[in-house]
Every structure is written in C-alpha cells, then in structure tokens.
Amino acid sequence: MRLLEHGYSVRTTVRFNQEHKRDVSFLTNLPVASERLEISYADLNDPESFDPAIAGCTGVFHVATSTYKKLSYVIVSLS
C-alpha cells in the first residue's frame with residue numbers, strides 16, 4: 001500500500017488457484033490500485049510462473065514461502 005501511496009507502480013502475485021476464484025478485493029480496493037497495481041497468479045513450485053510478473057521490474061520483494069502438507073517435527077531433549 002505504501003508503495004502505491006508513494007507513486008510506484010506495483011506488480012504482485014497471488015497463489016495460483018485452478019479456478020482463479022481467489023478474492024483479491026483487499027488489493028483491488030486500495031487507493032489508485034486500478035491505475036498502478038497489476039495482479040498475477042504464480043506457483044512457488046513453478047519458478048517460471050513468476051516470469052511475467054517480474055519482467056521489466058527494477059526491484060523485487062519476495063515475501064512468500066512454500067507451505068507443505070506434511071510437516072516433520074524434531075523433538076530435542078535438553079536434559
């Protein structure tokens with residue numbers, strides 16, 4: 001939001017959804033979003049899916065992380 005407020009054009013990605021029915025109104029309703037915000041769909045497991053979103057960009061802020069269905073836990077005894 002601050003980048004938009006400071007006059008920057010912003011491209012963002014949201015996680016790919018097969019049906020593209022993800023609600024992104026919290027982004028599209030930001031002030032000046034219709035003029036300076038571009039939303040793309042991408043998949044963290046497919047690095048090339050980010051190519052269109054980052055093409056021609058001066059800078060990239062990567063703030064996402066993969067989520068895994070299986071989590072493993074390590075139990076450590078400190079005694």
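The rules behind these values
- Residues numbered from 1 in each chain as written.
- Predicted model: local features only at pLDDT ≥ 70, side-chain atom pairs only at ≥ 80, totals over all residues.
- Heavy atoms only, no water.
- Helix = DSSP H or I, 4+ residues; strand = E, 2+ residues; numbered from the N terminus.
- Areas by Shrake-Rupley, 256 points an atom, 1.4 Å probe, with all protein chains shown as cover.
- Patch = residues over 30% accessible without salt bridge, like charges linked within 9 Å, V, L, I, M, F, W, Y side chains within 5 Å.
- Salt bridge = Lys/Arg side-chain N within 4 Å of Asp/Glu carboxyl O.
- Buried < 20%, exposed > 50% of the residue type's maximum accessible area, 1.4 Å probe, protein only.
- Polar contact = N/O pair within 3.5 Å; in protein donor to acceptor, adjacent residues only side chain to side chain.
- Contact = heavy atoms within 4.5 Å.

Looking at an unreviewed UniProt entry, the protein carries the name Dihydroflavonol-4-reductase, with the source organism given as Melia azedarach.

Enquirer: Explanation requested: the overall build of the protein in the structure shown.
Expert: Helix and strand content of the protein: four helices and two strands. In the protein, the order of α-helices and β-strands from amino to carboxyl end is α-β-α-α-β-α. For the protein, the computed accessible surface area is about 7100 Å², with 54% contributed by carbon and sulfur atoms.

Enquirer: Even after reading the chapter, I still don't get a nonpolar patch on the surface, so can you show me in this structure?
Expert: A surface patch of nonpolar side chains, about 500 Å² in accessible area, is lined by Leu3, Tyr8, Phe61 and Val63. Of note, Val63 is situated in the segment after helix 4 (51-54).

Enquirer: Honestly, unusual backbone geometry in this entry has me stumped. Any pointers?
Expert: Note: most peptide bonds trans; most residues except glycine with negative phi. The phi dihedral of Val32 is positive, around 60 degrees, even though this residue is not glycine. Along the polypeptide, Val32 turns up in the loop between helix 2 (25-28) and helix 3 (33-36). Judged by relative accessible area, Val32 falls into the partly exposed class, the value being 29%.

Enquirer: What should I look at first to understand the side chain of Ser49 in this one?
Expert: Checked against the element boundaries, Ser49 lands in the loop between strand 2 (37-42) and helix 4. Reaching out from Ser49, the side chain makes a polar contact with the backbone oxygen of Asp46 at a distance of 2.7 Å. Ignoring anything within four residues of it in the chain, the contact list for Ser49 reads Tyr41, Ala42 and Asp43.

Enquirer: Which parts of the structure should I look at to understand the environment of Arg11?
Expert: Checked against the element boundaries, Arg11 lands in strand 1 (residues 10-15). Along the backbone, Arg11 and Glu38 are 27 residues apart, and their C-alpha atoms lie at a distance of 4.6 Å. Residues within four places of Arg11 in sequence aside, it is in contact with Glu38, Pro52, Ala53, Ile54, Ala55 and Cys57. Separated by 3.2 Å, the side chain of Arg11 and the backbone oxygen of Ala53 make a polar contact. Polar contacts involving the side chain of Arg11 include one to the main-chain carbonyl oxygen of Ala55, which spans 2.4 Å.

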